[in-house]
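# Structural characterization, general
Here is how the chains run, residue by residue.
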Amino acid sequence: MDQLTVLALRAKAGDRNALDRFVADTLSDVLGVCRYLGRPSDPEDLAQETYARALSSIHRFRGDGAARAWLLSIARRVCADATRREIKNRKLDERLVADLMTADYQDHRWVEIDELLSILDDDRRAAFVLTQLIGLSYEEAAEAMECPVGTIRSRVARARRQLLTDSGFSAAQDA
């Protein structure tokens, strides 16, 4: 039995040090899978989701196979799910923009907002639109996007920072 599998089994039994070491020893592999199979712009978010899924199901890990393979299969599924969500969110985004444009919002302000939002990647734009423009709570947006609430929070924060930076505002001007 390899060292990572031993660490995973110890973590399953409640050994916090083994869990910390398991994460530390597998992080570069998980990030690599997430970078190459997911979106290159957000491998950290995908890795975070991978570990969240793995830790929530570690009680079922029996150690029949290698822990690295078990974890990387979770990472692969996280990336596949993220790709499906991206496609779904892009369609939702397109529908929301079309709805906004057809509903008496065709003045220049909405065109400017649409142009400004276009600088954001799909996940950040969807999180920002759902929470800041549509008014969903972070929890509701997380449910709609099928991801953890923390992921929504980080995407919205990154979107805000990118929008301020790219539109020429600094944090000091915003305060």
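Residue indices begin from 1 for each chain and proceed along its sequence in written order. Predicted model: local features are reported for residues with pLDDT of at least 70 only, side-chain atom pairs are reported and counted for 80 or more only, and whole-chain, interface and lining totals are derived from all residues. Hydrogens and water molecules were not included; the side-chain quantities draw on all heavy atoms of the structure.

## Structural notes on helix H6 (residues 122-133)
Inclusion rule: Exposure classes here rest on a 1.4 Å probe applied to the protein chains alone. A residue is buried below 20% of its type maximum, exposed above 50%, and partly exposed in between. Here a strand is any run of E in DSSP of at least two residues, a helix any run of H or I of at least four, and the numbering for each starts at the N terminus.
Burial analysis of H6 places 10 of its 12 residues in the buried class, which makes it a mostly covered element. For H6, every residue scored as buried is listed here: Asp-122, Asp-123, Arg-124, Arg-125, Ala-126, Ala-127, Phe-128, Val-129, Leu-130 and Thr-131. Immediately beyond the C-terminal end of H6, within one or two residues, lies Gly-135, with a positive phi of roughly 95°.

## Digging into the nonpolar core
Cut-off, in case you're wondering: Throughout, nonpolar core names a set of buried Ala, Val, Leu, Ile, Met, Phe, Trp, Tyr and Cys residues whose side chains join them through atoms within 4.5 Å. Any two residues whose heavy atoms approach within 4.5 Å at even a single point are treated as in contact.
Grouped together as the largest cluster of nonpolar side chains are 25 residues, with contacts concentrated most on Phe-22, Val-30, Cys-34, Trp-70 and Leu-71. For this core, the element with the most residues is helix H4 (residues 67-102), which contributes eight residues. Those residues in contact with Trp-70 that lie beyond four places of it in its chain are Phe-22, Ala-54, Ser-57, Ile-58 and Phe-61. Listed in part, the 16 residues of the second largest apolar core include Ala-127, Val-129, Ala-141 and Ala-142.

## Digging into a nonpolar patch on the surface
To be explicit about the condition: The residues that make up patches have over 30% relative accessible area and no salt bridge, and they are joined within 9 Å when like-charged or within 5 Å when they are Val, Leu, Ile, Met, Phe, Trp or Tyr. Using a 1.4 Å probe, accessible areas were evaluated by the Shrake-Rupley method; residue-level cover was limited to the displayed protein chains. By convention in these notes, a salt bridge is any Lys or Arg side-chain nitrogen within 4 Å of a carboxyl oxygen on Asp or Glu.
Where nonpolar side chains cluster on the molecular surface, the patch consists of Ile-113, Leu-133 and Ile-134 and spans about 210 Å² of accessible area. Structurally, the position occupied by Ile-134 is in the loop between H6 and helix H7 (138-145). Ile-134 gets classed as partly exposed once you look at its relative accessible area, which sits at 41%.

## A look at the side chain of Thr-5
Stated formally: N or O atoms within 3.5 Å of each other form a polar contact, as long as, within protein, one can give a hydrogen and the other can take it, and as long as residues adjacent in sequence are counted only when both atoms are side-chain atoms.
Mapped onto the fold, Thr-5 is located in helix H1 (residues 3-12). Within the structure, the side chain of Thr-5 is placed 2.9 Å from the backbone nitrogen of Ala-67, a separation counted as a polar contact. Thr-5 has contacts with Phe-61, Gly-63, Gly-65, Ala-66 and Ala-67, leaving out every residue within four places of it along the chain.

## Considerations on the environment of Leu-130
Residue placement: Leu-130 occurs in helix H6. When the C-alpha atoms of Leu-130 and Asp-93 are compared, they prove to be 9.3 Å apart, with 37 residues separating the residues in sequence.

## A closer look at the pattern of salt bridges
Scanning all chains against the criterion turns up 14 salt bridges. We note a salt bridge from Arg-85 to Glu-49, for which the minimum N-O separation is 3.2 Å. Of the two residues, Arg-85 is situated in helix H4 and Glu-49 in helix H3 (residues 43-57); the sequence distance between them amounts to 36 residues. Neither residue differs from the other here; Arg-85 and Glu-49 are each classed as buried. The salt bridge partner of Asp-121 is Arg-124, with a shortest N-O separation of 3.6 Å. Like Arg-124, Asp-121 is buried. Salt bridges sharing partners connect three or more residues here, namely Glu-49, Arg-53, Asp-81, Arg-84 and Arg-85.

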